[in-house]
Amino acid sequence: MGHLLASKSDLVALIDRLNRYPIGLVDNAPLREILSRLFSEQEAFVASRFPLHEATLDELAGLTGLARDALADILEAMADKGLVMDLPYAGTVYYLLVPGLIGFMEFSFMRRRKDLPIDLPLDELARLMDDYLRGQGRSGQAAEFFGSRTALTRALVYDEHIPVASRIASYEDARRIVAQADYGAVTLCYCRHKQEHLGRACRKGAPVEDICMVLGEGARFLVRRGFAQERDKATLLATLARARALGLTHVTDNVRDRPSFICNCCRCCCELMAGVQSGFPDGIAKTPFLARIDPERCDYCGECLRTCNVKCIGMAEGSRHRPRGERYGEVDAAVCLGCGACIDACTKNAIALVPRPRRPVPPRHRGALFARMLWEKGRLWPFLWDRARTWIGRQRG
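So, a few notes on the structure that sits alongside this text.

Conventions adopted
- Residues numbered from 1 in each chain as written.
- Predicted model: local features only at pLDDT ≥ 70, side-chain atom pairs only at ≥ 80, totals over all residues.
- Heavy atoms only, no water.
- Helix = DSSP H or I, 4+ residues; strand = E, 2+ residues; numbered from the N terminus.
- Buried < 20%, exposed > 50% of the residue type's maximum accessible area, 1.4 Å probe, protein only.
- Lys, Arg positive; Asp, Glu negative; His and termini not counted.
- Salt bridge = Lys/Arg side-chain N within 4 Å of Asp/Glu carboxyl O.
- Polar contact = N/O pair within 3.5 Å; in protein donor to acceptor, adjacent residues only side chain to side chain.
- Contact = heavy atoms within 4.5 Å.
- Pairing = 2+ DSSP bridges.
- Phe/Tyr/Trp six-rings, centres within 6.5 Å; stacked < 30°, edge-to-face > 60°.
- Lys NZ or Arg CZ within 6 Å of the ring centre and 35° of its normal.

1. Notes on the side chain of Arg192
In step 1: Mapped onto the secondary structure, Arg192 falls in helix 10 (residues 190–197).
In step 2: Within the buried set, Arg192 has no salt-bridge partner at all; the shortest N-O distance to an opposite charge, 9.9 Å, is to Glu196.
In step 3: Of note is the side chain of Arg192, whose polar atom sits 3.2 Å from the backbone oxygen of Pro207.
In step 4: Arg192 has contacts with Cys202, Ala206, Pro207, Val208, Ile211, Leu248, Asn264, Cys265, Cys266 and Cys269, leaving out every residue within four places of it along the chain.

2. With respect to the sheet that holds strand 3 (residues 92–97)
In step 1: Read from one edge to the other, the open sheet built from three strands follows the order 1-3-2, with strand pairing classed as antiparallel. The sheet terminates laterally at strand 1 (55–56) and strand 2 (84–89), the two strands that pair on one side only.
In step 2: Relative to strand 3, strand 1 runs antiparallel, the two being bridged by two bridges. Following the sheet pairing, Ala55 is matched in strand 3 by Tyr95.

3. A look at the packing of aromatic side chains
In step 1: Counted under the stated rule, the structure contains six aromatic pairs.
In step 2: Geometrically, the ring pair formed by Phe221 and Phe227 is stacked, given 6.4 Å between the ring centres and 25° between the ring planes.
In step 3: Among the aromatic residues, those joined into a ring-pair cluster are Phe107, Phe221 and Phe227.
In step 4: Sitting over the ring of Tyr21, Arg17 keeps its end group 4.5 Å from the ring centre.
In step 5: Between the NZ or CZ atom of Arg244 and the centre of the ring of Tyr158, over which it lies, the distance is 4.9 Å.

Here it is in structure tokens:
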């Protein structure tokens, strides 16, 4: 556990560095409490000196002024806590500082391993993170995470419910994302695990364990460090089917190339769904579809209302004054993610997906996504300068 509350300068430098990412961290008392429990004083200093891109041990030694062996031990401990990623490539290990969100805050609740010398006060962290993420309403951390024109994440459609005449690209299909990944693993659901430590359980009965998925190089890191467990593609596809049976919404990176995770989100625990519910309708990028209710078939039984994970279904305005048996539901098209989770809940076959007037197209890769978000927030120049400086330094050897 760290002890940083008495060392304000270390916290300020750390927060300043984390705020150079596309999703920064709003500085307040709960945040400083969280960081003081995740970072030691040395770790906070090292993190504050990280470039915005991956760096080698030698490069970090130059940036921090620390001896290589001592720095290697610090980085090892940070990787075990999910504060940095260690990424081997062509005989060299590159280190990357993990963002706060989506990043080390989630990682802190993504394992139950007891064999590591890490003692995180999860009950206390759960309370602090809940205060931090939900405090200050639309002007707090929620605005930083969900307020960009370009969303960090996007929903995926239940492909079995797309209209007959429609087609979806591979990056819009959860099953094809899994099939095309070169590596996959399952992990704990951060959101439900955090809620568990607050004494709350998922009202849909969704599990904490083995329900969210990580893919590609990031998954290799998480498996190596004990945050995830490797699974074959058949198991990952079965996990998707299990999530659909529970009426969960698939959420992934808002990119076309090599998405790195698929979370399976519920309406009661998930922080992403809570953001949309709290007034950020575009906080998660939408699928190419939206749900539509047939008023002739709908009897307003309420099952779809209880299933929708962003709470975008309600009584149609035109039916409010009708007798109970003649009322019907209506979808708020501005909020609907178009995931299709509501369709199987309807026994009257009154809900169907229809194409959106304009099909959303995500950025190609994470670099393009981050650059777009940074540009929208006025933070792009440090990102470009950092990349150029790193490239020039490596060219000089």
